[in-house]
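Geometric and topological summary
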Amino acid sequence: MNISDRLLRVSEMVQKCGTVADIGCDHGYVTIYLLKNGIAERAVSADVNKGPLEACEKNLRLEHVSDRAKVLLSDGFKAFDAKEKIDAAVIAGMGGRLMKRILTEGEAIVKNVSQLVLQPQSEIFLIREWVRENNFHIEREEILKEDGKYYFILDVRRGSEKEEFREVYDSFSKYLIEKKDPLLIEYLRRGLNNNLKYLQGIEESRQGRLLHENALINEALSMME
Ligand SMILES: C[S@@+](CC[C@H](N)C(=O)[O-])C[C@H]1O[C@@H](n2cnc3c(N)ncnc32)[C@H](O)[C@@H]1O
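Residues numbered from 1 in each chain as written. Predicted model: local features only at pLDDT ≥ 70, side-chain atom pairs only at ≥ 80, totals over all residues. Heavy atoms only, no water.

Observations concerning the site of the ligand
The full set close to the ligand counts 18 residues, and R6, D47, N49, D75 and G76 are the nearest of them. Between D75 and the ligand, the recorded distance is 2.8 Å, taken from a side-chain N or O atom to a nitrogen atom. When the ligand is considered free in solution it has 600 Å² of accessible area, and contact with the protein chains removes 81% of it. Its residues assigned to classes, the shell around the ligand shows seven nonpolar, six polar and five charged. (Near = heavy atom within 4 Å. Polar contact = N/O pair within 3.5 Å; in protein donor to acceptor, adjacent residues only side chain to side chain. Areas by Shrake-Rupley, 256 points an atom, 1.4 Å probe, with all protein chains shown as cover. Nonpolar A, V, L, I, M, F, W, Y, C, P; charged D, E, K, R; others polar.)

Concerning the packing of aromatic side chains
Under the defined criterion, the tally for this structure stands at four aromatic pairs. Centroid distance F152 to Y187: 5.2 Å. Interplanar angle 80°. Geometry classified as edge-to-face. On the criterion of sequence distance, the pair formed by F152 in strand β7 (residues 149-158) and Y187 in helix α9 (residues 182-200) is long-range, its members being 35 residues apart. Positioned above the aromatic ring of Y151, the side-chain terminus of R6 is 5.7 Å from the ring centre. Over the face of the ring belonging to F152 we find R128, whose NZ or CZ atom lies 5.4 Å from the ring centre. (Phe/Tyr/Trp six-rings, centres within 6.5 Å; stacked < 30°, edge-to-face > 60°. Helix = DSSP H or I, 4+ residues; strand = E, 2+ residues; numbered from the N terminus. Lys NZ or Arg CZ within 6 Å of the ring centre and 35° of its normal.)

Observations concerning unusual backbone geometry
Positive phi outside glycine occurs at D26, with the angle close to 55°. Relative to the helices and strands, D26 resides in the loop between β1 (17-23) and α2 (29-36).

Regarding the environment of I177
Along the polypeptide, I177 turns up in helix α8 (residues 174-178). Since its relative accessible area comes to 3%, I177 is described here as buried. Here the alpha-carbon distance between I177 and S222, two residues 45 residues apart in the chain, equals 9.8 Å. Contact partners of I177, with chain neighbours within four places excluded, come to V168, Y169, F172, L184, A220, M223 and M224. (Buried < 20%, exposed > 50% of the residue type's maximum accessible area, 1.4 Å probe, protein only. Contact = heavy atoms within 4.5 Å.)

Looking at α2
For α2, a buried count of six out of eight residues is recorded, marking the element as mostly surrounded by other parts of the structure. For α2, the complete set of buried residues consists of V30, T31, I32, Y33, L34 and L35. Looking at the buried side of α2, the elements it contacts are α1 (5-12), β1, β2 (40-47), α3 (50-62), β3 (69-73) and β4 (88-94). Where α2 ends, the next residue or the one after it, G38, has phi of about 65°, a positive value.

A word on the state of the cysteines
Taken as a whole and judged by the stated rule, the model has zero disulfides. The structure places no disulfide on C25, whose sulfur is separated from the nearest cysteine sulfur, that of C56, by 3.9 Å. You can call C25 buried: its relative accessible area is 3%. C56 gets classed as buried once you look at its relative accessible area, which sits at 0%. (Disulfide = S-S within 2.5 Å.)

Some words on the domain arrangement of the chain
Each assigned domain of the chain is listed here: domain 1 (5-161) and domain 2 (164-225). A separation of 28 Å is found between the C-alpha centroids of domain 1 and domain 2. Opposite the 15 residues of domain 1 that make contact, domain 2 presents 14 residues. Both sides of the domain 1 and domain 2 interface together cover about 1,200 Å² of buried area, and 61% of this is carbon and sulfur. Summed over the shared surface of domain 1 and domain 2, the number is two salt bridges. The closest approach of N and O atoms between E186 and K145, which form a salt bridge, is 2.8 Å. Here domain 1 is connected to domain 2 by six residue pairs in polar contact (both at pLDDT 80 or more). For the side of domain 1 that touches domain 2, the elements supplying multiple residues, two or more each, are α6 (124-133), β6 (136-146) and β7. Across the side of domain 1 that touches domain 2, the residue classes tally to six nonpolar, one polar and eight charged. (Domains from an automatic or database assignment. Buried area = accessible area lost by both parts, 1.4 Å probe. Salt bridge = Lys/Arg side-chain N within 4 Å of Asp/Glu carboxyl O.)

If you want it as structure tokens, here you go:
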């Protein structure tokens, strides 16, 4: 099984646990890695589409872990049995807005997990905001670059820590800013340059959002000097 660096880093972020839920499991690579490496004892692999779920089921069989994994056709956590104890959940490779909906609608399950490993592809601020407001906290975060694209992976644990709200932290990660992460600096500088190029070609009335984003990028960069 060929697992990408992104999925490897997502999987390695999961703490040793009893049952893990892999939401939007697709091919099932994360589930398989977690079971084969003794990170999770059991898994529920869920996907809203039949095609990916069938591929997942086949891969679980090929990798000899199907006896420890249940596949579930489910929109987020909707088809989960509320009585089933889920210790950790992985949600990777979806937009932040969809991920936020899944977390919100799955409250009955989500409120009892010890860990969430989240890898939103877009609008990541929505997820950092959800974490702050829902009795969870970000234990650590990773940024990685694969095939020229940047990805953020959040290790989220239960229990809130009194966090001050700062837009710059929701936008670009308090953890990575305080760590002065070199890849975050690269990501921000690239974002700033792209925005500056883009700004030259658009009318003044449409520049507001980009100017605000640039101000946040500069704030984050100055915190890392
Ligand atoms: C781009 S793939 C990501 C697969 C894998 N998690 C990864 O990170 O490589 C997104 C998967 O999420 C599934 N998906 C989309 N919306 C979903 C939802 N509401 N509930 C469960 N699965 C969903 C899709 O069918 C697809 O298999």
